[in-house]
Amino acid sequence: MTTTPPTGPRFPEGFLWGGATAANQIEGAYAEGGKGLSVQDVLPDGGTSPRVDGPTPENLKLEGIDFYHRYAEDIALLAEMGFKAFRLSIAWSRIFPDGDEAEPNEEGLAFYDRVLDELEKHGIEPVVTLSHYETPLHLAEAYDGWTDRRLIGFYERYARTVLERYGHGVRYWLTFNEINSLLHFPFMSGGVNTPLAELSEKDLYQAMHHELVASAAATRAAHEIDPGIRVGCMILAVPFYPLTPEPRDVLAARAAEQQNLAFGDVHVRGAYPGYFLRSLREKGVALDVTEEDRRLLAENTVDFVSFSYYMSACATVTQDVAAGEGNLIGGVPNPTLEASEWGWQIDPVGLRLVLDQYWERWGKPLFVVENGLGARDVLVTGTDGEPTVEDDYRIGYMNDHLVQVAEAIEDGVEVLGYTAWGCLDEVSMSTSQMSKRYGLVYVDRNDDGSGTLARYRKKSFGWYRDVIASRGATLSR
Ligand code: BG6
């Protein structure tokens, strides 16, 4: 009998295949181990809804998927898929419960010792995000989050603490998850307590500047502690297409992208680009930027650029069309694309466009640290009698996106790796639902909080294991 050899693309040796998570969406144990509250603990309806006064029982993130207690079992499942890398965030408020203390919380540090030891045991490379929408709540309430310059010092102290503790074993660090989302969701993204509608543009852009300076300070700390550490920025990538060929639509699409690219420009080139300074001038915003800030930014640029990619969008000035749904940064829907149930338009080619564009613009290694499909899954009984999910829709989505990563690699782009979002089902960032699932592993928990928290392998679990083992050869172009 003859079998057809796999024909898909081959990814480079050493490519970091894996998955990605955030502490606030998986750990739970929100008040254990000396942890303080974070902004997530007062966002029961997700990051795009208004905050409440304190933790409330319906907030699914308080328990998450109980990774805090089940991390060993979870990491074993990731190892079974052959993961080379696992992206996790450190919950800042586990280490500095209020954010402004002088001394860290040893119990919090010890928890990540255990998690990192477990990853090492399985030969999985950690990719650590320092701040993934988890600013300590006290910093939001007492300082109005990143609008206050003092947060630079608090963040640098936190970064130095964890870099010194783990930096010799952890090579890849990301400073702020989707840093550009600050301009759209300042409370979740930057702990800015003043509601967006009441926030001045000056304060909003000042918060952005403070985060950029803090990112540079963390990069400096990392390189001082161990020159082998590689620090990346993390951008929410949304390619914008002009809705029509009208030149002003082309300009509108470019302007929409520049809002995101500006963050990368500062991280990679160490200074604000001219188009961004012009936009501040036109808004009448004069930023408070010190000589020391300028020096820090210029001297501490990133080693690589990481980004999330879920969707593209369109821009137009020529038609009166409503914005569509989207991953924090939305745009006008593209009439040629389908969308997920949550309205995120599915566009694998857009991923190649981002990779090509970022590589041509910055010439830095790139890392796709989030990509995936949020979908409702139905548990069925598999042929082995175990519960499973026949998630061919997720396999199709990941296949098509990975093929585009391969195309970019063939274009000459240096791609360090791909970490699929939510390798384990986790609580949704934007809606706080469990039913918006991204995982390759099903977690038995429902939107009303019920469920056993048991883990089950989905069909995509075996599919991804084969993709990793064959270095992409089992993908279909
Ligand atoms: C990214 C975030 O924007 O999108 C993640 O970094 C998030 O935290 C992911 O979970 C998917 O978004 P959602 O809202 O579907 O969970």
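This text follows the structure it describes.
Owing to the predicted nature of the structure, the values given are computational and were not obtained by experimental measurement. (Residues numbered from 1 in each chain as written. Predicted model: local features only at pLDDT ≥ 70, side-chain atom pairs only at ≥ 80, totals over all residues. Heavy atoms only, no water.)

Student: What should I look at first to understand the overall build of the protein chain in this one?
Tutor: Helix and strand counts for the protein chain stand at 14 helices and 14 strands. Taken against the 2.2 N^0.38 rule, which gives 23 Å for 477 residues, the C-alpha radius of gyration of the protein chain at 21 Å falls within 12% of a compact globule. The buried share of the protein chain, taken over its 477 residues, is 61%. For the protein chain, the accessible area works out to roughly 17,700 Å², and carbon and sulfur atoms hold 50% of it. (Helix = DSSP H or I, 4+ residues; strand = E, 2+ residues; numbered from the N terminus. Rg over C-alpha atoms; globule rule 2.2 N^0.38 Å. Buried < 20%, exposed > 50% of the residue type's maximum accessible area, 1.4 Å probe, protein only. Areas by Shrake-Rupley, 256 points an atom, 1.4 Å probe, with all protein chains shown as cover.)

Student: Hey, could you run me through the sheet that holds strand 4 (residues 172-176) in this one?
Tutor: Each strand in a sheet pairs with its neighbour through backbone hydrogen bonds, running either in the same direction (parallel) or in the opposite one (antiparallel). With parallel pairing, the eight strands of this closed barrel are ordered in space as 1-2-3-4-5-7-9-12. With strand direction ignored, the average angle separating the axes of adjacent strands in the sheet is 25°. The pairing of strand 7 (residues 304-309) with strand 9 (residues 366-370) spans four bridges and is classified as parallel. When the bridges of strand 9 are listed, Ser-308 appears paired with Glu-370. The strands that helix 8 (residues 201-225) touches are strand 3 (125-131), strand 4 and strand 5 (230-237); relative to strand 4, the one it contacts most, it runs at about 160°. (Pairing = 2+ DSSP bridges. Axes fitted to C-alpha atoms, helices over the stretch in contact; angles between N-to-C directions. Contact = heavy atoms within 4.5 Å.)

Student: So what exactly am I meant to see when it comes to the site of the ligand here?
Tutor: Neighbouring the ligand are 14 residues, the closest being Glu-178, Met-429, Ser-430, Lys-436 and Tyr-438. One nitrogen or oxygen atom from the side chain of His-132 is found 2.9 Å from an oxygen atom belonging to the ligand. Backbone polar atom of Met-429 to an oxygen atom of the ligand: 2.7 Å apart, as the coordinates give it. About the coverage of the ligand: the protein hides 100% of its 380 Å² of free accessible area. Class assignment of the residues belonging to the shell around the ligand gives a composition of five nonpolar, six polar and three charged. (Near = heavy atom within 4 Å. Polar contact = N/O pair within 3.5 Å; in protein donor to acceptor, adjacent residues only side chain to side chain. Nonpolar A, V, L, I, M, F, W, Y, C, P; charged D, E, K, R; others polar.)

Student: Help me understand the environment of Ala-454 in this model?
Tutor: As for its placement among the helices and strands, Ala-454 is situated in the loop between strand 13 (441-443) and strand 14 (455-457). The sequence separation of Ala-454 and Ser-476 amounts to 22 residues, and the corresponding C-alpha distance is 32 Å.

Student: Would you take a moment to explain the packing of aromatic side chains for this structure?
Tutor: For any pair of aromatic rings, the description consists of the separation of the ring centres together with the inter-plane angle of the planes. Considering all chains together, one arrives at 29 aromatic pairs under this definition. Aromatic ring contacts, followed pair by pair, group Phe-11, Phe-15, Trp-17, Phe-83, Trp-463 and Tyr-464 into a single cluster. Lying across the ring of Phe-111, Arg-94 places its NZ or CZ 5.6 Å from the centre. The ring centre of Tyr-442 lies 4.0 Å from the NZ or CZ of Arg-437, which sits over that ring. (Phe/Tyr/Trp six-rings, centres within 6.5 Å; stacked < 30°, edge-to-face > 60°. Lys NZ or Arg CZ within 6 Å of the ring centre and 35° of its normal.)

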